[in-house]
Amino acid sequence: MAEREDGGDDWRPNASLGNALPVMLLRAREAVMQLYRPLFRSAGLTERQWRVLRALYDADRLEPSELARQAFMHPPNVSRVLNEMRMAGYLDRLAVDGDQRRAQVVLTPAGRRLCMQVGAALDARTAQLRQVVDRPSLLALTELLGEIVTLPERHPYLTDPDSLPGAAPRSTRDGGRTEGGDTDGGDADEEA
């Protein structure tokens, strides 16, 4: 570390911000979505609406909490998307075994047709992508991303700020908790 004029140390990044792993992953996601987002727009869908359609296409019917998990969304966001798509006629809510407090969500015939139409366009775009990026690279990327996605499950200590060398216990920082759950309620499925 370099000495600052006031006697403190300066942190020297290992990479520029644009080349830091989290930012590179964001940049890669945005680059890929630039290929697919116009297909959603031309069908009158958002990315979130597509994920809901696709999850329901695969599962036939789901309760909203399970749909949120399978569509990689937080439950409040799913509720908003479900209302939009129900009003558009793409899905219905059905009571579970006569229990009006529980519901399952199903695609309507119009929702199933839309999903098949957009899915075919996405497959065609993916085929175009495979023509410009060699197959071994795409397979390696897919495998590596699978490993990265499971890192928090396989290595939970990596999500704990106290596991860093020299980290002060959370009880001494900003009144944070030393045991139990996460205090940050960030939204992992924001649309760009």
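Residues numbered from 1 in each chain as written. Predicted model: local features only at pLDDT ≥ 70, side-chain atom pairs only at ≥ 80, totals over all residues. Heavy atoms only, no water.

By the naming in an unreviewed UniProt entry, the chain is MarR family transcriptional regulator, taken from Marinibaculum pumilum.

## Considerations on the packing of helix 1 (residues 21–42) against helix 5 (residues 109–132)
Helix 5 packs onto helix 1 with a crossing angle of 155° between their chain directions and a minimal axis gap of 10 Å. By the angle class used here, helix 1 and helix 5 are roughly antiparallel. In this structure, helix 1 meets helix 5 at a crossing whose hand is right-handed. Along the contact surface, helix 1 presents Leu35, Tyr36, Leu39 and Phe40, while helix 5 presents Val118, Ala121, Leu122, Arg125, Thr126 and Leu129. Considered class by class, the residues forming the contact of helix 1 with helix 5 number eight nonpolar, one polar and one charged. (Axes fitted to C-alpha atoms, helices over the stretch in contact; angles between N-to-C directions. Helix = DSSP H or I, 4+ residues; strand = E, 2+ residues; numbered from the N terminus. Parallel < 35°, antiparallel > 145°, perpendicular 65-115°, else oblique. Left-handed = near helix turned anticlockwise from the far one by under 90°. Contact = heavy atoms within 4.5 Å. Nonpolar A, V, L, I, M, F, W, Y, C, P; charged D, E, K, R; others polar.)

## Some details on the sheet that holds strand 5 (residues 99–107)
Across the sheet, three strands lie side by side as 3-5-4; this open sheet has antiparallel pairing. In this open sheet, the two strands that pair with only one neighbour each are strand 3 (61–62) and strand 4 (91–96). Sheet topology note: the strand 3/strand 5 ladder contains two bridges and is antiparallel. Residue pairing across strands places Arg61 opposite Val106, the latter belonging to strand 5. (Pairing = 2+ DSSP bridges.)

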